[in-house]
Amino acid sequence: MFLFRKARHFDLPAIVALLADDPLGQSREILSHPTDPRYERAFAAIDADENQLLAVAVDAADQVIGCLQLSFIPGLSRTGMWRGQIESVRISVGERGSGLGSQFIEWAVEMARERGCKLVQLTSDKARPDAIRFYEKLGFVASHEGLKRNL
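Residues numbered from 1 in each chain as written. Predicted model: local features only at pLDDT ≥ 70, side-chain atom pairs only at ≥ 80, totals over all residues. Heavy atoms only, no water.

> Help me understand the nonpolar core in this model?
For soluble globular proteins, nonpolar side chains are generally found buried alongside one another. Counting 24 residues, the largest nonpolar core has L68, L70, I86, F104, I105 and W107 as its most contacted members. Residue assignment for this core shows that the elements contributing at least two residues are β2 (52-58), β3 (64-73), β4 (83-91), α5 (100-114) and α6 (129-137). For this core, the element with the highest residue contribution is α5, accounting for eight residues. Not counting the four nearest positions on each side in its chain, F104 is found in contact with F4, A55, V56, A57, G66, C67, L68 and I91. (Core = buried A, V, L, I, M, F, W, Y, C linked by side-chain atoms within 4.5 Å. Buried < 20%, exposed > 50% of the residue type's maximum accessible area, 1.4 Å probe, protein only. Helix = DSSP H or I, 4+ residues; strand = E, 2+ residues; numbered from the N terminus. Contact = heavy atoms within 4.5 Å.)

Structural data, given as structure tokens:
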């Protein structure tokens, strides 16, 4: 059984561990005790912003087994349409293939719908072809080219 809820501060070390637990994350995340202060500042900013939802999936023992961030973005285009942006989706290795990821994404889509969003979008690194196929199975369409610029 899985439960999805807003992340709490005490979940932060487990979230960072999930973010670091893949080939891309290993090179860009920092596992430390105490948690790196940059994660602490980011968590505080996300938690204080009503248009951000850092969510976790937990098991029956309330152990974090998944995470994602959902941003609610107002816009002028499409007649002032709000959109949901899903990012930083991670599922623990032991739960992959269990259906947790699909349920978690559908939960996030429903959270966006409840907030009045008319579109949900996400990006996935091209180095993650399995993730891209996963999102396509859930109805996401690669309709746009995404570009990024590191600062």
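> It is not clear to me how the sheet that holds strand β5 (residues 119-122) should be interpreted in this structure. Could you clarify?
Hydrogen bonds between backbone atoms are what pair the strands of a sheet, whose relative direction is either parallel or antiparallel. Across the sheet, which stays open at both edges, the five strands sit in the order β1-β2-β3-β4-β5 with mixed pairing between neighbours. Here the strands that pair on one side only, and so sit at the sheet edges, are β1 (3-6) and β5. Looking at each pair of strands side by side, their axes are set apart by 25° on average, direction ignored. Note that β1 and β2 share four bridges and pair antiparallel. When the sheet's bridge partners are listed, R5 is paired in β2 with V56. Contacts from helix α1 (residues 12-20) reach β2, β3 and β4 within the one sheet, and its direction differs from that of β3 by about 90°. Each of β1, β2, β3, β4 and β5 is contacted by α5, which is oriented at about 25° to β3, the strand it contacts most. (Pairing = 2+ DSSP bridges. Axes fitted to C-alpha atoms, helices over the stretch in contact; angles between N-to-C directions.)

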